[in-house]
Amino acid sequence: MSLDRIPRKIIVMSLIRTTSLTAQEILEFSQKGFLMPGRVFSTDTVESMRYSLAKVQATEREAGREYDLLDPEAWPTKEKESHSQPGKKVGFLFNLWLHNKEWRQFCFNPTLARWASQLIGSRKVRLLEDNALYKAPRAGGELKWHQDHPYWPLAQPNSVTVWLALDDVYLENGSMQMAVGSHLLGERLPAAFGTGTPYLSEKRPKWIKPVQDPKNEGLDTEVVDIKAGEVSIHHSLTWHASGPNNTNYPRRAAIVRYAGDGTIWLGSNRYEYNYSDEEVGIHIGEPISGKYFPLVPFL
């Protein structure tokens with residue numbers, strides 16, 4: 001049977017990947033710090049998540065739980081700087097899986113959990129958190145170079161971020177850029193996304209420096225262009241950034257982060273997280289567990 005006689009929906013479904021990562025892909029990730037393994041979600045699923053996000057945004061905005069990552073007041077820097085990107089914002093929502101069916105199905109996708117297990121090198125993985133990122137048409141700003149691990153109250157960087165495109169993502173609408181091999185340089189200070197100003201240095205050893213322009217470290221960069229329904233995965237220490245949305249269409253993304261089972265909680269001794277030590281019910285020095293960090297099953 002020729003392709004032109006096969007229903008389009010069947011063709012698209014056949015392109016959805018459920019196989020494990022190959023040895024070559026795991027090697028590529030270990031060397032580069034990121035990977036683009038392909039399409040994991042159907043057009044129908046992506047459309048359902050877009051619709052769900054629109055509803056949740058309205059509710060979270062009304063409740064004051066939608067954040068702008070470019071707002072200087074959102075970051076505890078010692079000296080507040082003027083808004084570095086006037087008129088620009090990056091909408092951010094946290095842990096939708098706790099009350100949203102579509103986001104829960106995304107976070108507990110067995111293929112994503114299996115890939116995280118392969119890349120982390122852990123037999124079991126736990127859900128660390130999820131996020132929704134929204135860059136409005138013409139108003140979506142850029143995010144400065146940063147790592148993920150410095151913003152988490154965890155002792156070990158044995159975690160990965162899975163980034164699902166809910167719209168086609170390319171340079172003009174703010175695709176991510178990755179600094180190749182930057183995860184091998186170790187941890188850097190967290191930064192305020194709007195300004196790039198490092199903060200919380202008093203909680204980190206003096207030898208830990210800010211993330212800077214990768215060119216200053218002699219690192220190459222790659223632009224991550226992916227289609228809606230495709231994912232990228234990066235190491236929690238990989239330097240990455242994203243540009244502004246200069247198009248007339250929204251750029252939306254769903255993000256889930258997995259950590260290896262046994263990862264140790266450092267709590268407020270390291271970073272003031274969205275949940276306090278008392279809320280999560282984990283003593284400092286114990287492995288993450290409980291309601292907020294569930295195991296994610298996979299075959």
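Check the entry above for the structure.
Just so it is clear, the model here is predicted, and its values are computed rather than measured.

Caption draft 1: Structural context of empty space enclosed by the protein. Tallied over the entire structure, the rule returns 2 cavities of 30 Å³ or more. Counted as a void, the largest cavity has a volume near 50 Å³. As for the largest cavity, its lining consists of Pro 72, Trp 75, Thr 77, Glu 79, Lys 80, Glu 81, Ala 192, Thr 195 and Thr 197. Among the residues making up the lining of the largest cavity, the classes are represented as 3 nonpolar, 3 polar and 3 charged. For the second largest cavity, the calculated volume is near 30 Å³. Around the second largest cavity, the lining residues are Leu 53, Gln 57, Glu 66, Gly 91, Phe 92, Leu 93, Ala 132, Leu 133 and Tyr 134. Secondary-structure elements contributing two or more residues to the lining of the second largest cavity are helix H3 (43-63), strand E3 (91-94) and strand E4 (125-135). For the lining of the second largest cavity, the class distribution of residues is 6 nonpolar, 2 polar and 1 charged.

Caption draft 2: Fine view of the layout of surface pockets. Here the largest pocket defines a volume of roughly 700 Å³. Lining the largest pocket are 33 residues, and of these Leu 69, Trp 75, Phe 92, Phe 193 and Tyr 271 lie nearest its centre. Of the residues belonging to the lining of the largest pocket, the class tally is 20 nonpolar, 7 polar and 6 charged. Quantified by volume, the second largest pocket comes out at close to 170 Å³. Taken together, Glu 60, Arg 65, Tyr 67, Leu 93, Phe 94, Asn 95, Leu 98, His 99, Asn 274 and Tyr 275 make up the full set of residues lining the second largest pocket. Of the residues that constitute the lining of the second largest pocket, the class distribution is 5 nonpolar, 3 polar and 2 charged.

Caption draft 3: Up close: the packing of aromatic side chains. Tallied over the entire structure, the rule returns 13 aromatic pairs. Relative to Tyr 271, the ring of Tyr 151 has its centre 6.2 Å away and its plane inclined at 80°; by these criteria the two rings are edge-to-face. Taken together, the residues Tyr 151 in the loop between strand E5 (143-146) and strand E6 (159-165) and Tyr 271 in the loop between strand E11 (251-260) and helix H6 (277-280) connect sequence positions 120 residues apart. Given a relative accessible area of 11%, Tyr 271 falls into the buried group. Following the ring pairs from residue to residue traces out a cluster consisting of Phe 94, Trp 265, Tyr 273, Tyr 275, Tyr 292 and Phe 293.

Caption draft 4: Main features of the nonpolar core. Among the nonpolar cores identified, the biggest contains 37 residues, and Leu 69, Trp 75, Tyr 151, Trp 163, Trp 265, Tyr 273 and Phe 293 are the most heavily contacted of them. Going through the elements one at a time, E3, E4, E6, strand E7 (176-179) and E11 are the ones with two or more residues in this core. When residues in this core are grouped by element, the largest group, 3 residues, is from E11. Apart from residues no more than four positions distant in its own chain, Trp 163 is found in contact with Leu 133, Val 169, Met 176, Ile 226, Glu 230, Val 231, Ser 232, Arg 251, Ala 253, Ala 254 and Ile 255. Ranked by size, the runner-up nonpolar core spans 36 residues in total, among them Leu 119, Leu 166, Ile 233 and Ala 254.

Caption draft 5: Here's a closer look at the sheet that holds E4. In spatial order, the strands read E1-E9-E6-E11-E4-E3-E2; together these 7 strands make up an open sheet with antiparallel pairing. Looking at which strands have only one partner, the edges of the open sheet turn out to be strand E1 (34-39) and strand E2 (67-68). Sheet topology places E4 next to E11; 10 bridges connect them, and they run antiparallel. When the bridges of E11 are listed, Asp 130 appears paired with Val 256. Where helix H2 (residues 23-32) meets the sheet, it contacts E1, E6 and strand E9 (230-235), and its direction lies at approximately 140° from that of E1. Strands E1, E4, E6, E9 and E11 of the sheet are contacted by helix H5 (residues 110-120), whose axis makes an angle of about 55° with E11.

Caption draft 6: Fine view of the pairing of E9. Buried residues dominate E9, accounting for 5 of its 6 residues. Looking at chain direction, E1 and E9 are connected through 4 bridges and run antiparallel. Residue pairing for E9: Gly 38 is matched across the bridge by Val 231. Here E6 runs beside E9; their pairing, made up of 5 bridges, is antiparallel. The partner of Leu 164 across the bridge, within E9, is Val 231.

Caption draft 7: Representation of unusual backbone geometry in the model. One non-glycine residue, Arg 138, lies in the positive phi region at around 65°. Its place among the elements puts Arg 138 in the loop between E4 and E5. Positive phi outside glycine occurs at Leu 200, with the angle close to 65°. By relative accessible area, Leu 200 is classed as buried at 12%.

Definitions and cut-offs
Residues numbered from 1 in each chain as written. Predicted model: local features only at pLDDT ≥ 70, side-chain atom pairs only at ≥ 80, totals over all residues. Heavy atoms only, no water. 1 Å grid on protein atoms, 1.4 Å probe; cavity = no way out; pocket = protein on both sides within 12 Å on 5 of 7 lines; lining within 4 Å. Points joined across faces, edges and corners; volume = space filled by probe spheres on them. Nonpolar A, V, L, I, M, F, W, Y, C, P; charged D, E, K, R; others polar. Helix = DSSP H or I, 4+ residues; strand = E, 2+ residues; numbered from the N terminus. Phe/Tyr/Trp six-rings, centres within 6.5 Å; stacked < 30°, edge-to-face > 60°. Buried < 20%, exposed > 50% of the residue type's maximum accessible area, 1.4 Å probe, protein only. Core = buried A, V, L, I, M, F, W, Y, C linked by side-chain atoms within 4.5 Å. Contact = heavy atoms within 4.5 Å. Pairing = 2+ DSSP bridges. Axes fitted to C-alpha atoms, helices over the stretch in contact; angles between N-to-C directions.

Keep in mind that these numbers describe shape and distance, not what the molecule does.
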